[in-house]
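Breakdown of the fold
Below, each chain spelled out in residue letters.
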Amino acid sequence: MAEKAKIAVLISGRGSNMAALLYAAKSSDCPYEIVLVASNDPEAPGLTLAQAEGVPTFSHPHKGLARAAHDEIMHEAIADSGAEYVVLAGYMRILSDGFVRKWADHMLNIHPSLLPKYKGLDTYQRAIDAGDRIAGCSVHLVTAELDDGPVLAQTEVAILPDDDADRLASRILIAEHQLYPAAVAKYVTREADPEWILTQIRKRALALPETHERPSFGAPGWRVGSEKTGKYFAYFARSHHGEANIALLVKTTGLDEQAALLEADPDLYYAPKFYGKSGWIAIRLDQGKTDWDHIAEQLYKSWSLVAPKRLTKMIRIANEF
């Protein structure tokens, strides 16, 4: 089994969602492990539970500290734990922009409404007062704006005719305990999902000037230039041409550069069967921790080898300024 993703869970109270995550993590096939439970309240009951279950804990009160100063203390504790993701589970603090930036795309939260409806507090009563028939909960990425990050998963919960806020909240909490572990598990394994990988490549390839996508021999490919005369600079390979790997195929300057890359990192690069003799290189994308800045760089290099000179000259001039 692949190495488990390491997550830190932040709580402020009893930590029932933390407990749901913790017990889900005990399953042998769970793709994450909890390496820290941390709180802004040293008396938070959830810390006691985490300690009893053998999970390391950390706490530091926020009173008397500027928000950014307290967030930096929490960040250092999380980083020291080796966590790769931060999962908020009833953490009753608005986080500073600096903290959010440090954990961008690696911090999740659960919110008791069907976002974008009812951001903030009193979500249960607001749904009842609005006459809604359905409420629920959402898992989303954390961004600088409160409850505004991209939604990853949701569960609907029916509002019954005699519901008050407490009764509705109790059922939504059950839904949260089921939704959150599943959503976290899916998110931390996203880099093994071929469709997610393809989306990442597509976004970067099509960001280059005058590019378009066109399949080639059943595989997604990207070209620069017109639909009629454009030239391919990248392909997405997924079990293609008899190869089991998921990879990005890009051009190199020739067989010498291809050989140098293969020698430098044979675990990352390989010569693709169909294109290898032409100097193309395959970059593996199925190892779980892709360096997407490197992928963007390789896409640009490949693009520049076939792009019209007017385009490469335009980019070169733009970079000079």
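Check the entry above for the structure.
What counts and how
- The residue numbers shown here count from 1 along each chain, following its written sequence.
- In keeping with the predicted nature of the model, local features appear solely for residues at pLDDT of at least 70, side-chain atom pairs appear and are counted solely at 80 or more, and the whole-chain, interface and lining totals rest on all residues.
- Computation of side-chain values: all heavy atoms of the structure, hydrogens and water removed.
- Pairing of aromatic side chains requires ring centres within 6.5 Å, counting the rings of Phe and Tyr and the six-membered ring of Trp. Pairs whose planes differ by under 30 degrees are stacked, by over 60 edge-to-face, and all others tilted.
- Secondary structure elements are defined from DSSP: runs of H or I of at least 4 residues count as helices, runs of E of at least 2 residues count as strands, and each element is numbered from the N terminus.
- Note on exposure labels: buried denotes an accessible area under 20% of the residue type's maximum, exposed denotes more than 50%, and partly exposed covers the range between, all computed with a 1.4 Å probe on protein chains only.
- Only Lys NZ and Arg CZ are tested; either one counts as a charge over a ring when it is within 6 Å of the ring centre and within 35 degrees of the ring normal.
- Residues grouped as a nonpolar core are buried Ala, Val, Leu, Ile, Met, Phe, Trp, Tyr and Cys residues, joined through side-chain atoms within 4.5 Å.
- Contacts: residue pairs with any heavy atoms within 4.5 Å of one another.
- Axis lines are fitted to C-alpha atoms, over the contacting stretch for helices. Their N-to-C directions set the angle, which ranges from 0 to 180 degrees.
- We call two directions roughly parallel when the angle between them is under 35 degrees, roughly antiparallel when it is over 145, roughly perpendicular when it lies between 65 and 115, and oblique otherwise.
- Crossing handedness: left-handed means the near helix sits turned counterclockwise from the far one by under a right angle, and right-handed means the same turn made clockwise.

Per the stated rule, a full pass over the model turns up nine aromatic pairs. Seen in terms of ring centroids, Tyr-300 and Trp-303 are 5.8 Å apart; in terms of plane orientation they differ by 25°. Their pairing is stacked. Here the residue Tyr-300 and the residue Trp-303 both occupy positions in helix α9 (residues 292–306), the gap between them amounting to three residues, near one helical turn. Judged by its relative accessible area of 30%, Tyr-300 falls in the partly exposed class. The buried category is assigned to Trp-303, whose relative accessible area is 0%. Taken together, the ring pairs connect Phe-217, Tyr-232, Tyr-235, Phe-274, Tyr-275 and Trp-280 into an aromatic cluster. When the ring centre of Tyr-187 is taken as origin, the NZ or CZ atom of Arg-190, which lies over that ring, is 4.0 Å away. Above the face of the Tyr-232 ring, Arg-223 is positioned so that its terminal group lies 5.5 Å from the ring centre.

This brings us to the nonpolar core. With 40 residues, the main nonpolar core has Val-9, Tyr-32, Ile-34, Val-37, Tyr-180 and Val-184 as its most contacted residues. Looking at which element gives the most residues to this core, the answer is helix α6 (residues 165–188), with ten residues. In this structure, Tyr-32 is in contact with Lys-4, Ala-5, Ile-7, Leu-21, Ala-24, Ala-25, Pro-181, Val-184, Ala-185 and Val-188, ignoring residues within four places of it in sequence. With 26 residues, the next largest nonpolar core counts Trp-222, Ile-246, Leu-268 and Trp-303 among its residues.

Two numbers describe how helix α7 (residues 194–205) lies on α9: the axes approach to 10 Å, and their chain directions differ by 50°. Overall, the two elements α7 and α9 adopt an arrangement that is oblique. The two elements α7 and α9 cross, and the hand of that crossing is right-handed. Listed contacts from α9 to Trp-196, Ile-197, Gln-200, Ile-201, Arg-204 and Ala-205 of α7 are Trp-292, Ala-296 and Leu-299.

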